[in-house]
Amino acid sequence: MRNIWGNMRNKRAAFLQTGIVLLFLFIAEHPVSAQRVKEPENVPADWSAPYPPFRIAGNLYYVGTHELTCYLVATDKGNILINTGLAGSLPLIKNSIERLGFRLKDTKILLTSQVHYDHVGAMAAIKQLTGARMMVNAKDAPVLADGGRSDYELGGLGVQFKPVQADRLLYDEDTIALGNTCLILLHHPGHTKGSSSFLVTTKDEKRSYRVLIANIPTIITRRPFDAIPAYPDIARDYAYTLESLKHLSFDLWVAAHASQFKLTEKRMPGSPYDPLVFADRKAYDTLIHDLYGAYREKTGQKDP
Ligand SMILES: [Zn+2]
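Residues numbered from 1 in each chain as written. Predicted model: local features only at pLDDT ≥ 70, side-chain atom pairs only at ≥ 80, totals over all residues.

Undergrad: Please give an account of the environment of Ile-288 that cites residues and values.
TA: Structurally, Ile-288 can be placed in helix α8 (residues 281–299). Between the alpha carbons of Ile-288 and Leu-245 there is a distance of 7.5 Å; along the sequence they are 43 residues apart. Setting aside its immediate chain neighbours within four residues, Ile-288 contacts Leu-242, Leu-245 and Lys-246. (Helix = DSSP H or I, 4+ residues; strand = E, 2+ residues; numbered from the N terminus. Contact = placed C-beta atoms within 7 Å.)

Next comes the structure, spelled out in structure tokens:
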């Protein structure tokens, strides 16, 4: 009898020990997911307000919200989705994709302009639903993997979005190919360390268009650039990005925020297909000019 009870006690102890070991292993492997995701509140209402999806040019479509842009590149081998908006925007994005006649589950590649919660909020959920491969700028990958906790500016807010592990790291001028379409990543650091613009050539029945999906380098930190130990190269990076954007050539341009390229002024919801409303190089040059001004004001420099 004593032996049997003794054995059972040993078994129970061993069972508990195994459980504790497994728990430790789980926490060690999931250090971030063990933390609660807390997306910042009190964001502008138009960040999650709907905007009817539409065809921008060729196989490039708009599937974002009124202000937070999401782009669908529909190829003959599945689709690429760039950006997701906030976590709660998933049903809206899915609905927009379906209204255009595509399916969310055909998403093969996920990209982002920058790893802030207003562009990758729903990324983890979409990756899980679709099994798509997450490709992200190598400099943004650590922040994407820890839910924004290591972002040089927003990191103080804790985990702001569900973390996502990258399947492929991207570098400046890398090509992202799917089916009949190729995108080129341009590393445009500053806003985040791995902020990225994309160039894609798309064509319709009439002609082809070189489209820039720009990440506009707005300055979000209130600290002086030389007082950011987590990002010592920030001033140099912004200067580099401004120079790069200034000299790009393209036929059409859009951006990570709809207000940056004045989507709602250029195009009424329900308007017919007209890629050239997104040509507007003058508005682009004015925007870059203003960003140079903000940079000079920040740094006290005459020229970047
Ligand atoms: Zn941002």
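Next comes the rest of the description.
Undergrad: Describe the nonpolar core, listing the residues and the values that go with them.
TA: By size, the foremost hydrophobic cluster in this structure holds 71 residues, and its most contacted members are Tyr-71 and Leu-110. The element that contributes the greatest number of residues to this core is strand β11 (residues 208–214), accounting for 5 residues. (Core = buried A, V, L, I, M, F, W, Y, C linked by C-beta atoms within 7 Å. Buried ≥ 20, exposed ≤ 12 C-beta atoms within 10 Å, placed from the backbone.)

Undergrad: Help me get a handle on the sheet that holds strand β5 (residues 107–111), residues and values and all.
TA: Judged by pairing direction, the sheet is mixed, and its 7 strands sit side by side in the order β1-β2-β3-β4-β5-β6-β7 without closing on themselves. In this open sheet, the two edge strands, each paired with only one partner strand, are β1 (54–57) and β7 (168–170). For this sheet, the mean inter-axis angle between neighbouring strands, taken without regard to orientation, is 25 degrees. Pairing of strand β2 (residues 60–62) with strand β3 (residues 71–75), which is carried by 3 bridges, proceeds in the antiparallel orientation. Bridge pairing in β3 places Leu-60 opposite Val-73. Sitting on the sheet, helix α4 (residues 123–130) touches β4 (78–82), β5 and β6 (133–137), and the angle it makes with β5 is about 160 degrees. (Pairing = 2+ DSSP bridges. Axes fitted to C-alpha atoms, helices over the stretch in contact; angles between N-to-C directions.)

Undergrad: Please set out the environment of Ser-271 residue by residue, giving values where relevant.
TA: The residue Ser-271 is located in the loop between α7 (263–266) and α8 in this model. On the basis of neighbour counts, which here come to 11 C-beta atoms within 10 Å, the residue Ser-271 falls in the exposed class. Placed 217 residues apart in sequence, Ser-271 and Phe-54 show a C-alpha to C-alpha distance of 8.8 Å.

Undergrad: Just give me the short version of the sheet that holds strand β12 (residues 252–255), but keep the residues and values in it.
TA: Taken together, the 5 strands give an open sheet; going across it, the order is β8-β9-β10-β11-β12, and neighbouring strands pair in mixed fashion. Looking at strand neighbours, the two that pair on one side only are β8 (175–178) and β12, the edges of this open sheet. When the angles between neighbouring strand axes are averaged without regard to direction, this sheet yields 20 degrees. Bridge count for strand β10 (residues 196–203) against β11 is 6 bridges, and the pairing is antiparallel. The residue of β11 that forms the bridge with Val-200 is Val-211.

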